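One letter stands for each residue in the lines below.
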Amino acid sequence: MRQKGIADWAGLDAELALWRTAGLTPRLWWRDDDAQRVTPQLETLLTLSDAYEVPVHLSVIPQGQSPDLAPRLRDAARVHVLQHGFAHINHEPKGNPASEVGITRALELQAEDLRRGWDMLEEARMPGLLPAFVPPWNRIGDATRRRLPDLGYGFLSTFVGRGDDTPVAGLVQIDAHLDPIRWKYDRVFRGTDKMLTMLLDHLCHRRVTAPTEPVGYVTHHLQTNDPVWAFTQALFARTRGLWMTVPDMQSKG
C-alpha cells in the first residue's frame, strides 16, 4: 500500500509506473456539471478536452438550456452528455439537504420532470447523449434511484459516499471521487497536495484490489477559478491516454 505523506507529481508518476509494471491501466473518467449555455468557462473546458484528448461527460440541465449549446457541443470532438436533473431546483424543505430528486417530493412528479428533461435533451440533439442521470447536488432519494431503470436510465453518477449505493437491477452506478473545489470554504481550490493525495490513495487501492474500478474527476466549469484550471491542465498532461468514456468502460467490463 502507499506510504502516507505529502503527495507530488513525482509520486503520481511513480504510481502510474507501478500500474504499467503490473500490466494494468487505470480507468480515469471526467464529469463536469451544470452546463446550460455556452460560456467562456465552457470554452476553456472544451479547449482542455481537445488539447489533451480527454473525453468529458457533460451534465446538462435540460430546463433553460440555451439554443446554441447543443450545436456547440456537436462541434466538440470528445463530449458525452448526461442528464443533470430537470431544472436544478431544490424541492426539499428547509433543514433537509438540497435535492431535486429527494425523499419529500412525490415520486410521480419527479418522474414527470425527468421524462420532460430527457425529451428536451433529445429534441436538442445533444451529442453522445447517454441514458444517464446525474442528480443535482449529487443527492437522490432511494425510491427515485430504484425507479430509474423503469424510466429508461441505465447509468447513475453521484459522488462516492453520498447516499445509498446498493445495487439496482438494470442500473450501473459510476460515481465521481475527486472534486477540486472546497464548496464550504468560498469555493476555493483544495490544493495540489490534497488532490494528489486523494488521487494516489484511490489509484493505489484499485491497483491492489480492483484495477477495473474507475476513478472519477468532477469539475464545475462555472465555478472553476484559475488554480483549478491550472491543476486540471497539469493532471491531464501527466495522465494523457488514461481517460476513458463510460461506454468504453462498460464495453470492456
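Residues numbered from 1 in each chain as written. Predicted model: local features only at pLDDT ≥ 70, side-chain atom pairs only at ≥ 80, totals over all residues. Heavy atoms only, no water.

Helix and strand counts for the protein chain come out as eight helices and nine strands. Rg of the C-alpha trace for the protein chain: 18 Å, near the compact-globule value of 18 Å for 253 residues, within the 12% margin. Nonlocal contacts in the protein chain, meaning residues at least 24 apart in sequence, comprise 67% of its contacts between residues at least 6 apart. If you sum the accessible surface of the protein chain, you get close to 11800 Å²; carbon and sulfur atoms cover 51% of it. In the protein chain, 29 side chains carry a positive charge and 31 a negative one; their mean positions are 3 Å apart. (Helix = DSSP H or I, 4+ residues; strand = E, 2+ residues; numbered from the N terminus. Rg over C-alpha atoms; globule rule 2.2 N^0.38 Å. Contact = heavy atoms within 4.5 Å. Areas by Shrake-Rupley, 256 points an atom, 1.4 Å probe, with all protein chains shown as cover. Lys, Arg positive; Asp, Glu negative; His and termini not counted. Charge placed at Lys NZ, Arg CZ, Asp CG, Glu CD.)

Our next topic: the packing of aromatic side chains. By the definition in use, this model includes ten aromatic pairs. Between the aromatic rings of Tyr217 and Phe236, the centroid separation amounts to 6.5 Å while the plane-to-plane angle is 85 degrees, which identifies the pairing as edge-to-face. Of this pair, Tyr217 sits in strand S9 (residues 215-219) while Phe236 sits in helix H7 (residues 226-238), placing them 19 residues apart in sequence. Both residues of the pair, Tyr217 and Phe236, count as buried. Members of the aromatic cluster, each reached through a chain of ring pairs, are Trp9, Trp30, Phe189, Tyr217, Phe231, Phe236 and Trp243. (Phe/Tyr/Trp six-rings, centres within 6.5 Å; stacked < 30°, edge-to-face > 60°. Buried < 20%, exposed > 50% of the residue type's maximum accessible area, 1.4 Å probe, protein only.)

Moving on to the sheet that holds strand S5 (residues 155-156). Strand pairing in a sheet takes place through backbone hydrogen bonds and is either antiparallel or parallel in direction. Taken in spatial order, the seven strands make up an open sheet running S6-S5-S4-S3-S2-S1-S9, and their pairing is parallel. The strands lining the two open edges of the sheet, one partner per strand, are strand S6 (172-173) and S9. When strand S2 (residues 56-60) meets strand S3 (residues 79-83), the two strands line up parallel, connected through five bridges. Among the inter-strand pairings, Ser59 is bridged to a residue of S3, identified as Leu82. Contacts between helix H2 (residues 40-52) and the sheet are confined to strand S1 (28-35), S2 and S3, with S2 contributing the most and set at about 155 degrees to the helix. Across the sheet, helix H4 (residues 107-123) lies against S2, S3 and strand S4 (129-133), angled at about 160 degrees from S4, the strand it touches most. (Pairing = 2+ DSSP bridges. Axes fitted to C-alpha atoms, helices over the stretch in contact; angles between N-to-C directions.)

Bringing the nonpolar core into the picture now. Counting 42 residues, the largest nonpolar core has Leu12, Leu73 and Tyr217 as the members making the most contacts within it. With near-sequence residues (within four places) excluded, Leu12 lies in contact with Leu196, Leu199, Leu200, Leu203, Leu235, Arg238 and Thr239. Judged by nonpolar contacts, the second largest core, of twelve residues, contains Leu114, Leu148, Leu151 and Leu156. (Core = buried A, V, L, I, M, F, W, Y, C linked by side-chain atoms within 4.5 Å.)

Moving on, we get to the pattern of salt bridges. One pass over the full model with this rule turns up twelve salt bridges. The partner of Arg238 in a salt bridge is Asp13, with the nearest N and O atoms 2.8 Å apart. Taken together, the residues span a long stretch of sequence, with Arg238 in helix H7 and Asp13 in helix H1 (residues 9-21) at a distance of 225 residues. Residue Asp13 is classed as partly exposed on the basis of its relative accessible area, which comes to 30%. Arg72 is the salt-bridge partner of Glu43, the closest N and O atoms lying 2.9 Å from each other. Separated by 29 residues along the polypeptide, Glu43 in helix H2 and Arg72 in helix H3 (residues 69-74) bring together distant segments of the chain. Within the structure, one salt-bridge network assembled from shared partners comprises Asp50, Glu53 and Arg78. (Salt bridge = Lys/Arg side-chain N within 4 Å of Asp/Glu carboxyl O.)

Where H2 contacts H7, the axes come no closer than 10 Å and their chain directions differ by 15 degrees. Overall, the two elements H2 and H7 adopt an arrangement that is roughly parallel. Pair H2 / H7 crosses with right-handed handedness. Residue-level inspection shows Gln41, Thr44, Leu45, Leu48 and Tyr52 of H2 in contact with H7, the latter providing Trp229, Thr232, Gln233, Phe236 and Ala237. (Parallel < 35°, antiparallel > 145°, perpendicular 65-115°, else oblique. Left-handed = near helix turned anticlockwise from the far one by under 90°.)

With respect to the helices and strands, the residue Asp113 is situated in helix H4. Leaving out residues up to four positions away in the same chain, Asp113 has contacts with Phe86, His91 and Arg105.

To continue, consider the environment of Ala76. With respect to the helices and strands, Ala76 occurs in the loop between H3 and S3. Considered as a pair, Ala76 and His88 are twelve residues apart in the sequence and their alpha carbons are 25 Å apart.

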